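# Fold and geometry: a report
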Amino acid sequence: MLKGRHLIDPMDFSVEELDGIFELAGDIIADPVKYSDSMKGKLLATLFYEPSTRTRFSFEAAMLRLGGQVIGFSEPGSSSVSKGESVADTIKTVGCYADIAVMRHPKEGAPKVASLFSDIPVINAGDGGHQHPTQTLTDLLTIKTVKGKLENLTIGFCGDLKFGRTVHSLIKALSRYENIRVILISPEELKVPEYIRNEILIKNKIEFAEAERIEDVIGELDILYMTRVQKERFFNEDDYLRLKDRFILDSEKMELASESMMVLHPLPRVNEIAYEIDSDPRAMYFQQAKYGMYARMALMLKLLGVR
Ligand code: CP
């Protein structure tokens, strides 16, 4: 039962609860008109302390397409956060007006703090370099829809695996499915954090390998999950400039991949996928962004207990 719950970490929901969300998302995709009034009278608050295009717009589109309404801010300077109001007081206040809230914050753990003080469900829309559980719902729904399964897959994660919160969340979520093999493609400085390596990969006996070049491993992959180097999380601009173009997926590299390999990317893209790849049928990142809206529609229906 997901009614009234928060979503802060990708492991907050069981595999069975995720299946329920994917099943509902599939039903919405098949017949969206059936759901067009289901959130009538419901209000979503979007609290974005950091920039966003996909996450905020897809949540807002999801609520509006379900017949509900949206309030919120897209940068904290336009709210009383700029006067020093705490996350706890902000969410308590928002709970007086809205039925459900989604929060993105540069500080790791801020949405968790909000959930502890909240009377309404809180959804983590990305906290610093930590987690991004609704991107994970998006990624899993995309993989399940296109591949028809979430087991027996080899997934390559490429780019900024240190700060890339979508990578951390997806590795965590995939660790619960059978026969998942992970290949980590990153420079030394941008490797996955120790807790992902030790607490998720090693502890759950997930087979994993590391590589320094896409072309060395792309032929083994069912999914290539590209990520941008997260400029906003670097302390030193020189390091960012040195690392930002280390991995660029282009047509030459795609020739080494299987015909059925999917290319995913949470977006935004900077330079890491050449534009020439967009017309390749294996490039699924814009479909992925669309699945994100359906995943969030299903998530909000479940958290509000709307049938
Ligand atoms: N994937 C993602 O989180 O994109 P935005 O930063 O545009 O929301």
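Residues numbered from 1 in each chain as written. Predicted model: local features only at pLDDT ≥ 70, side-chain atom pairs only at ≥ 80, totals over all residues. Heavy atoms only, no water.

## Regarding the overall build of the protein
- A tally of regular secondary structure across the protein gives 11 helices and nine strands.
- Against the compact-globule benchmark of 19 Å for 307 residues, the protein has a radius of gyration of 19 Å, which places it among compact chains.
- Taken along the three principal axes of its C-alpha coordinates, the protein extends 55 × 45 × 40 Å.
- Every one of the 307 residues in the protein was classed for burial, and the buried ones make up 56%.
- Intrachain contacts of the protein at a sequence separation of at least 6 include 75% that bridge at least 24 residues.
- The protein carries 39 positive and 46 negative side-chain charges, and their two centres are separated by 5 Å. (Helix = DSSP H or I, 4+ residues; strand = E, 2+ residues; numbered from the N terminus. Rg over C-alpha atoms; globule rule 2.2 N^0.38 Å. Buried < 20%, exposed > 50% of the residue type's maximum accessible area, 1.4 Å probe, protein only. Contact = heavy atoms within 4.5 Å. Lys, Arg positive; Asp, Glu negative; His and termini not counted. Charge placed at Lys NZ, Arg CZ, Asp CG, Glu CD.)

## Considering the layout of surface pockets
- Taken as a whole, the largest pocket spans an internal volume of roughly 400 Å³.
- Lining of the largest pocket is provided by 21 residues; of these, Arg104, Arg165, Arg228, Leu267 and Pro268 occupy positions nearest its centre.
- Elements represented by at least two residues in the lining of the largest pocket include exactly helix H2 (54-65) and helix H6 (165-174).
- Partitioned by chemical class, the residues of the lining of the largest pocket number four nonpolar, 10 polar and seven charged.
- The computed volume of the second largest pocket comes to approximately 320 Å³. (1 Å grid on protein atoms, 1.4 Å probe; cavity = no way out; pocket = protein on both sides within 12 Å on 5 of 7 lines; lining within 4 Å. Points joined across faces, edges and corners; volume = space filled by probe spheres on them. Nonpolar A, V, L, I, M, F, W, Y, C, P; charged D, E, K, R; others polar.)

## Let's talk about the packing of aromatic side chains
- Going through the model one piece at a time under the given rule, you end up with three aromatic pairs.
- The interplanar angle of 80° and the centroid separation of 5.3 Å between the aromatic rings of Tyr49 and Phe73 together place this pair among those described as edge-to-face. Linking Tyr49 in the loop between strand S1 (43-48) and H2 with Phe73 in strand S2 (residues 69-73), this pair joins segments that are 24 residues apart in sequence. The same class applies to Tyr49 and to Phe73, which are both buried. (Phe/Tyr/Trp six-rings, centres within 6.5 Å; stacked < 30°, edge-to-face > 60°.)

## Quick word on the domain arrangement of the protein
- Segmentation of the protein into domains returns domain 1 (15-131 + 292-303) and domain 2 (133-289).
- Facing 26 residues of domain 1, the contacting portion of domain 2 comprises 24 residues.
- Here domain 1 meets domain 2 over a buried area of about 2,000 Å², counting both sides, of which 57% is carbon and sulfur.
- Of all residues in domain 1, Phe22, Arg54 and Gln131 give up the largest surface area on contact with domain 2, accounting jointly for 34% of the area buried on that side. (Domains from an automatic or database assignment. Buried area = accessible area lost by both parts, 1.4 Å probe.)

## What to know about the site of the ligand
- Around the ligand sit Ser52, Thr53, Arg54, Thr55, Arg104, His132, Gln135, Pro266 and Leu267, and that is every residue in its neighbourhood.
- In this structure, an oxygen atom belonging to the ligand sits 2.9 Å away from a side-chain N or O atom of Arg104.
- Each residue belonging to the shell around the ligand can be placed in one class, and the counts come to two nonpolar, five polar and two charged.
- Both domains that meet at the shell around the ligand, namely domain 1 (15-131 + 292-303) and domain 2 (133-289), each give it at least three residues. (Near = heavy atom within 4 Å. Polar contact = N/O pair within 3.5 Å; in protein donor to acceptor, adjacent residues only side chain to side chain.)

## Some thoughts on the sheet that holds strand S8 (residues 223-226)
- Strand order in the open sheet formed by five strands is S7-S6-S5-S8-S9, with parallel pairing between adjacent strands. The open sheet has two edge strands, strand S7 (207-211) and strand S9 (262-264), and neither has a second partner. Strand-to-strand twist in this sheet, taken as the mean axis angle between neighbours without regard to direction, amounts to 20°.
- Summarising the sheet, strand S5 (residues 153-158) and S8 pair through four bridges and their orientation is parallel. Across the sheet, Ile155 pairs through a bridge with Ile223, a residue of S8.
- Sheet strands in contact with helix H5 (residues 133-147) are S5, S8 and S9, and its direction is about 165° off that of S9. (Pairing = 2+ DSSP bridges. Axes fitted to C-alpha atoms, helices over the stretch in contact; angles between N-to-C directions.)

## What about the pairing of S1?
- Within S1, six of the six residues are buried, which leaves it mostly tucked inside the rest of the structure.
- The alternating pattern of S1 places Leu43, Ala45 and Leu47 on one face and Leu44, Thr46 and Phe48 on the opposite face, and all of these are buried.
- Taken together, S1, H2 and S2 form a β-α-β motif whose crossover is right-handed.
- With five bridges joining them, S1 and strand S3 (residues 100-105) adopt parallel strand pairing. Directly across from Ala45, in S3, lies its bridge partner Ala101. (Right-handed = clockwise from strand over helix to strand, strands pointing away.)

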